[in-house]
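A structural walkthrough
Chain by chain, the residues:
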Amino acid sequence: MSRCDDKQQTRRLLAAAGLAVPRGVAAAGDAADRRFLEEVGEVVVKPARGEQGAGITVGVTDPGHLREAVEVARVHCPQVLLEEFVPGEDIRVIVIDHRVVAAAVRRPAAVTGTGQHTVAELIDKQSRRRAAATGGESRIPVDDHTRDTIAKAGYALDQVLPEGATIPVRRTANLHTGGTIHDVTARLHPALAEVSVEASRALAIPVVGLDLLVPDIEGPDYAVIEANERPGLANHEPQPTAERFLDLLFPRTARG
Ligand SMILES: Nc1ncnc2c1ncn2[C@@H]1O[C@H](COP(=O)(O)OP(=O)(O)O)[C@@H](O)[C@H]1O
Ligand SMILES: [Mg+2]
């Protein structure tokens with residue numbers, strides 16, 4: 001579990017096992033950070049230890065913003081990671097007892113305009129809907145991250161969004177910040193399933209939720225971004241995550 005807790009260590013172990021991880025370095029807080037940014041063009045800044053997207057800034061392209069993002073991440077953890085921004089879909093793969101049980105695409109919170117409501121009103125509505133659907137687990141915070149994301153889409157909180165226009169309001173796909181999750185287990189490319197099992201073995205962890213970024217869930221390409229040692233097993237309907245977990249705990253009653 002501690003191997004999953006520290007993202008730097010997770011990266012190291014997965015890379016050593018021959019798995020693809022985004023290019024990354026520990027933030028040094030000096031010119032080395034700017035050189036890394038120049039090299040990769042667009043970075044993600046994240047606390048080495050953290051979860052639910054807290055303290056993460058996605059899509060940093062200028063040095064001033066980089067410095068700010070490192071400060072934001074430092075509030076959560078003194079060790080900060082700079083990673084190459086990897087485009088693509090966010091997928092969560094649940095592996096129990098080194099077998100894939102479920103895979104889901106996760107999407108950042110987004111709102112769609114009605115031509116009558118402001119972005120703030122739409123967020124409020126969507127947030128209530130997400131909270132109701134998840135027993136309060138998923139909500140859209142209105143903070144700097146949200147304001148920046150909306151500004152990048154060309155809007156402001158008090159502006160009316162045109163009917164039918166959809167804009168993202170967060171840049172991380174975490175469920176806790178209003179993200180949505182969609183089961184894709186049946187469509188997962190076999191190579192992605194294999195990679196997920198290899199990752200669970202490399203970390204030697206019996207229950208894990210792997211976060212992958214992929215250009216296409218039906219293709220073999222991927223980068224593993226993190227491993228969650230306490231994944232939400234209830235978010236993967238209709239896949240039998242709870243059943244497999246019980247089978248792991250009580251192998252003599254397992255159906256095999
Ligand atoms: N290298 C990256 N490139 C693009 N997006 C990323 C990258 N790393 C993280 N993200 C985005 O941020 C989210 C949270 O990052 P993650 O490493 O999973 O940390 P957390 O423990 O907070 O979930 C991801 O689900 C993804 O949407
Ligand atoms: Mg994650």
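What you see is a predicted model, and the numbers here were worked out from it, not measured in a lab. (Residues numbered from 1 in each chain as written. Chains lettered and ligands numbered in written order. Predicted model: local features only at pLDDT ≥ 70, side-chain atom pairs only at ≥ 80, totals over all residues. Heavy atoms only, no water.)

1. Quick notes on the overall build of the protein
Test applied: Comment: elements are numbered from the N terminus, with helices defined as DSSP H or I runs of at least four residues and strands as E runs of at least two. Partly exposed residues are those whose accessible area sits between 20% and 50% of the maximum for their type, while under 20% is buried and over 50% is exposed, using a 1.4 Å probe and protein chains only. Pairs of residues are marked as contacts when any of their non-hydrogen atoms sit within 4.5 Å. Areas reported as accessible are Shrake-Rupley estimates using a 1.4 Å probe. Residue values count occlusion only from the protein chains shown. Note that His is not counted, nor are the chain ends; the positive residues are Lys and Arg, and the negative ones are Asp and Glu. By convention, charge coordinates are those of NZ in Lys, CZ in Arg, CG in Asp, or CD in Glu.
Within the protein one finds 8 helices and 11 strands. Counting only C-alpha atoms and orienting by the principal axes, one finds that the protein spans roughly 60 × 45 × 30 Å. In the protein, which comprises 256 residues, the proportion classed as buried is 45%. Long-range pairs, those at least 24 residues apart, make up 69% of the contacts in the protein between residues at least 6 apart in sequence. Looking at the protein as shown, the accessible area adds up to about 12600 Å², and 50% of this sits on carbon and sulfur atoms. Across the protein, the 30 positively charged side chains and the 36 negatively charged ones have centroids separated by 4 Å.

2. Structural notes on the layout of surface pockets
Our working rule: Computed over the protein atoms alone on a 1 Å grid, cavities are sets of points where a 1.4 Å probe fits but cannot get out and pockets are open sets with protein on both sides within 12 Å along at least five of seven lines; a residue lines them when it has an atom within 4 Å of a point. Grid points are joined across faces, edges and corners, and a volume is the space filled by probe spheres set on the points. Asp, Glu, Lys and Arg are counted as charged, while Ala, Val, Leu, Ile, Met, Phe, Trp, Tyr, Cys and Pro are counted as nonpolar; the rest, among them Gly, fall into the polar class.
If you add up the space inside the largest pocket, you get close to 550 Å³. Listed by contribution, the elements that provide at least two residues to the lining of the largest pocket are β2 (43-47), β4 (80-84), β5 (89-96), β6 (99-107), α6 (144-152), β10 (207-214) and β11 (223-228). Classifying every residue of the lining of the largest pocket gives 12 nonpolar, 7 polar and 14 charged. Space inside the second largest pocket adds up to approximately 400 Å³. Contributing to the lining of the second largest pocket are 20 residues, with Ile-56, Thr-57, Asp-144, His-145 and Asp-148 lying nearest its centre.

3. Things to note about the pattern of salt bridges
Cut-off, in case you're wondering: Salt bridge, as used here, is a side-chain nitrogen of Lys or Arg placed within 4 Å of a carboxyl oxygen of Asp or Glu.
Here the structure, examined in full by the defined rule, presents 15 salt bridges. Of the charged contacts, one joins Arg-107 and Glu-89 as a salt bridge, the two residues approaching to 3.3 Å between their closest N and O atoms. Pair noted here: Arg-107 is in strand β6 and Glu-89 is in strand β5, with a separation of 18 residues, a long-range link. On the basis of relative accessible area, Arg-107 is assigned to the partly exposed category, the value being 37%. Each of the salt bridges in this network shares a partner with another, and the network as a whole consists of Asp-90, Arg-92, Arg-106 and Asp-211.

4. Quick notes on the packing of helix α2 (residues 7-16) against helix α7 (residues 190-203)
How two helices sit against one another is set out by the angle between their axes and by the gap between those axes. As a reminder, the rule being used: All axes are obtained by fitting lines to C-alpha atoms, using only the stretch in contact for helices, and the reported angles, taken between N-to-C directions, cover 0 to 180 degrees. Here the word oblique covers every angle except those under 35 degrees (roughly parallel), over 145 (roughly antiparallel) and from 65 to 115 (roughly perpendicular). Each helix crossing is assigned a hand: it is left-handed if the near helix lies turned anticlockwise from the far helix by less than a right angle, otherwise right-handed if that turn is clockwise.
At a minimum axis distance of 9 Å, the contact between α2 and α7 shows a crossing angle of 115°. Here α2 lies roughly perpendicular to α7, going by the angle between them. α2 and α7 meet at a crossing whose hand is right-handed. From α2, Thr-10, Leu-13 and Leu-14 reach across to α7, where they touch Ala-199, Ala-202 and Leu-203. Its residues assigned to classes, the contact of α2 with α7 comprises 5 nonpolar, 1 polar and no charged.

5. Side note on the coordination of the magnesium ion (ligand 2)
Selection criterion: Here a donor is an N, O or S atom found within 2.8 Å of the metal, or within 3.2 Å if the metal is Na, K or Ca; sites may look incomplete because water is not among the atoms.
At the metal site, the magnesium ion (ligand 2) is ligated by Asp-211 (OD) and Glu-226 (OE), and these contacts range over 2.0 to 2.1 Å. With Asp-211 in strand β10 and Glu-226 in strand β11, this residue pair connects regions lying 15 residues apart in the sequence. Note on Asp-211: relative accessible area 2%, which makes it buried.

6. Comments concerning the sheet that holds strand β3 (residues 57-60)
Our working definition: If DSSP finds at least two bridges between two strands, the strands pair.
The 4 strands lie next to each other as β1-β4-β2-β3, forming an open sheet whose pairing is antiparallel. Lying at the two open borders of the sheet, with one neighbouring strand each, are β1 (24-26) and β3. Sheet twist, expressed as the mean angle between neighbouring strand axes with direction ignored, is 25°. In the packing of helix α3 (residues 31-40) onto the sheet, the strands contacted are β1, β2, β3 and β4, and the crossing angle to β4 comes to about 20°. Sheet strands touched by helix α4 (residues 63-74): β2, β3 and β4. Its angle to β2, the strand with the most contacts, is close to 20°.

7. Comments concerning the site of ligand 1
How we decide: Here a residue is near a molecule or strand as soon as one of its heavy atoms is found within 4 Å of it. Distance and chemistry together define a polar contact, namely a pair of N or O atoms within 3.5 Å, with one atom able to donate a hydrogen and the other to accept it when in protein, and with adjacent residues in sequence counting only for side-chain atoms on both sides.
Looking at ligand 1, there are 22 residues lining it, with Lys-7, Lys-46, Gly-53, Asp-90 and Asn-174 nearest. Glu-83 has a polar side-chain atom sitting 2.9 Å from a nitrogen atom of ligand 1. Contact between ligand 1 and Arg-106: an oxygen atom at 3.4 Å from a side-chain N or O atom of the residue. Protein burial of ligand 1: of its 540 Å² of free accessible surface, 97% is covered by the chains. Each residue belonging to the shell around ligand 1 can be placed in one class, and the counts come to 8 nonpolar, 5 polar and 9 charged.

8. Some points on the domain arrangement of the protein
Stated formally: Just so you know, the domain bounds were taken from an automatic or database domain assignment. Two parts placed together each lose some accessible area; with a 1.4 Å probe, that loss summed over both constitutes the buried area.
For the protein, the domain assignment lists domain 1 (23-85), domain 2 (88-108 + 171-256) and domain 3 (109-169). For domain 2 and domain 3, the distance between their C-alpha centroids amounts to 27 Å. Taken together, the 11 residues of domain 2 in the interface contact 10 residues of domain 3. Interface area, domain 2 with domain 3, both sides summed: about 920 Å², of which 49% is carbon and sulfur. The largest per-residue losses of area from domain 2 upon contact with domain 3 belong to Arg-171, His-176 and Gly-178, which jointly make up 47% of the total buried on that side. The tally of links between domain 2 and domain 3 comes to 0 salt bridges. Our count for the domain 2 to domain 3 interface comes out at 6 residue pairs in polar contact (both at pLDDT 80 or more). Of the residues that constitute the side of domain 2 that touches domain 3, the class distribution is 2 nonpolar, 7 polar and 2 charged.

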